[in-house]
Structure formats: C-alpha cells, structure tokens
Amino acid sequence: MKKGLLLILVASLGLAACNNFEKAPAGTLYKIHKSGGKEKIKVGDFVKFSMVQTTDYDSLMYSSYDSEQPIVFQTQEKLYAGDMYDILTYFGEGDSVTFKVDLDSMAKYTKQPRQPEIKGKYFIFNVKVEKVLSKQANEADSTFAQRASEFFQKDYMAAMEAKKNQEGAKIKSFVEENKLKTTTSASGLQYVIENAGAAEKPAMGDTVYVNYTGRVTKKVKMDIFDTTDIKLANSGRNMQPFQPAAPYGPRPLVIGEIIEGLNEGLMLLGKGAKAKFIIPSSLAYGDQGARPYIAPYTPLVFEIEVTDIKKKVN
C-alpha cells in the first residue's frame, strides 16, 4: 500500500473511531482497530511506529508519513498515569490504534503550559506499531542496546536504499500528474521556464532576489517547507510554524551558496523571470536531508520569480 493511501487510511480510522473508545484504568481513551496478537510493549522495549497526530479539531500536528520516516525510541517509565509511555503498554507489534492524551493533564504533570493556539481537549494519536524489540532473558543492558542499535540501523539503511531507488519514479509521477513539459539538463535538473525575463543572466557570486515557494513532491497536506509568500505560509500547508514577523517578500540568494539545483536553475533566469524547478536530491540535500522538514532522498520543487539581480562586486 502506498504511504499516501496509508495516511488516508489511518486518518479515516481515527475519524471512524470517534465513538466507542475503551477507557484505560488511568482514564486514557483508546481503540484498537487491528491487533497483531503479539506481546504487549514493556518498559525498556525499543519500539518503531508510524504516527499521525491531530487535535480534536482535526488540525494536523505531525505525521511520520510526511517525513517517510517512522519513529524509533526506547520506552521509559511513565511520567504520569495516562501519558504516552503508559498507554503504549496496552499495545503490541502489529497493532493499529487510536488513543487520546488529555492536554490539561499533560500540562499539569509536565509543568509545560498549554499553547493557547491549540484548541480542544486532546491530542489524538493514530499509531501503527511496526516493530517491538525486547530484551532477552539474562541479556545485559549494554548487549541489548547494541543489538537494538544494529537492528534499527540495518532497518534504516534498507529503507533509505528503497527510497533512493524510488526517487526517479516519484519525479516522473509528479511531472506527469501536473502535466508539465519539462526540459532536463545534463545534471538531472528539470525545469519549466514560463518567462525567461531580461537577457542578462546572473553568474556565480551574484545575488538574486526571488519570491519562491519550495515544496516536496509527495501528495501530503503540509507540502511546503519554505516560502516567501505570507499567505501560503499561513495556509496550513506550511511544514514550519507560521511566524508573522518573518521577512516575507523577495529574498536574496547568492549563487554558489545555495543548493546545486538552485545554483544551476537561477543562472537560466533574468530579472522578471518565472520558472518551476524539479530538483533531484542529488542536487539538493542528498542522503542526509535537511531535518526536520526534508527527509533523505527527497526531490524538491521550487516555484521562482526573480525580482532583481545584483552583480558581484569584484
């Protein structure tokens, strides 16, 4: 199943489960949609799961499906009855679940005040427990930690290799679905120039002032990782928290000091130009990504408008 479809499925499970929740002894509400029939999670286990976090008002707070990277961590003793560590002990490997964490209880016991912009009573978590690694009988803590580290490192590398191999298909799908007639350079940069602008083009070291929006190619709700457009920044599609005081509007980019795909693409454009660049990860952030918003092997899309060019002063 494609990750986009899985995200929709998990979200729809949460909606379908608004009623008929079970109540844990501590009062946390939960529902198991599908049970893997495995042993329940214990304190000290290493757990890998995918998660969508929303509020009562269906406001998306976080999705591991957007980053295409499940969460891996070692479970700890609960901080208070009904917290995340507590409710996880009700589930096991292979379970798909929804549970609600009370925001007022979270604020009280963590001594972290509620953020006023977050409305509602609960954080709602839609979780698929993908792997649980438990300590073996008489296994030393250090041996267990090493075994877990090696297991999840191997698991991560396999996932990254699969993602690397899928990148070309993602770009092809994006171009076809958006009916783009692109030109592809020798480096792999694909571009559509709507207006080439003035005849004079920038060179290495020049400063180009641009309005731009950068997004990922995946079909996800929050697909924008950076933008100079204040309306888009506040549209709910932006991965980064909206900052009203941020300097929206034309932004200076120095050619030679930005990712290779933009270096190459901007040198094709004159003042007044408009273009779209589809940049493979090899010309962007490669196998490292740019956390937390850009995962490894993520192709990027930039919509660019050049407002001015300042030549380098020798």
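The rules behind the values
- Residues numbered from 1 in each chain as written.
- Predicted model: local features only at pLDDT ≥ 70, side-chain atom pairs only at ≥ 80, totals over all residues.
- Heavy atoms only, no water.
- Core = buried A, V, L, I, M, F, W, Y, C linked by side-chain atoms within 4.5 Å.
- Buried < 20%, exposed > 50% of the residue type's maximum accessible area, 1.4 Å probe, protein only.
- Helix = DSSP H or I, 4+ residues; strand = E, 2+ residues; numbered from the N terminus.
- Phe/Tyr/Trp six-rings, centres within 6.5 Å; stacked < 30°, edge-to-face > 60°.
- Lys NZ or Arg CZ within 6 Å of the ring centre and 35° of its normal.

(A) Fine view of the nonpolar core. Residues L266, F277, I279, F302 and I304 are the most contacted members of the largest nonpolar core, which totals 31 residues. Ranked by residues supplied to this core, first place goes to strand β14 (residues 300-310) with five residues. In terms of nonpolar packing, the next biggest core, distinct from the first, is built from 21 residues, I41, F49, F91 and I118 among them.

(B) Structural detail: the packing of aromatic side chains. Under the definition given, this model contains twelve aromatic pairs. Aromatic side chains Y30 and Y90 sit 5.4 Å apart centroid to centroid with 40 degrees between the ring planes, which places their arrangement in the tilted category. Taken together, the residues Y30 in strand β2 (residues 29-34) and Y90 in the loop between α3 (84-88) and β6 (96-102) connect sequence positions 60 residues apart. What links up through ring pairs into an aromatic cluster is the set Y30, Y90, F91, F99, F123 and F125. Between the NZ or CZ atom of K100 and the centre of the ring of F21, over which it lies, the distance is 4.7 Å. Between the NZ or CZ atom of K121 and the centre of the ring of Y122, over which it lies, the distance is 5.5 Å.

(C) Up close: the environment of E167. Take E167: it is sitting in helix α5 (residues 141-177). Separated by 110 residues in sequence, E167 and Y57 place their C-alpha atoms 34 Å apart.

(D) The arrangement of unusual backbone geometry in detail. Unusually for a residue other than glycine, K179 sits at a positive phi of about 50 degrees. Following the sequence through the fold, K179 ends up in the loop between α5 and β8 (183-184). A positive phi is found at Y297, a non-glycine position, where the angle reads about 55 degrees. You can see Y297 is positioned in the loop between β13 (274-279) and β14.

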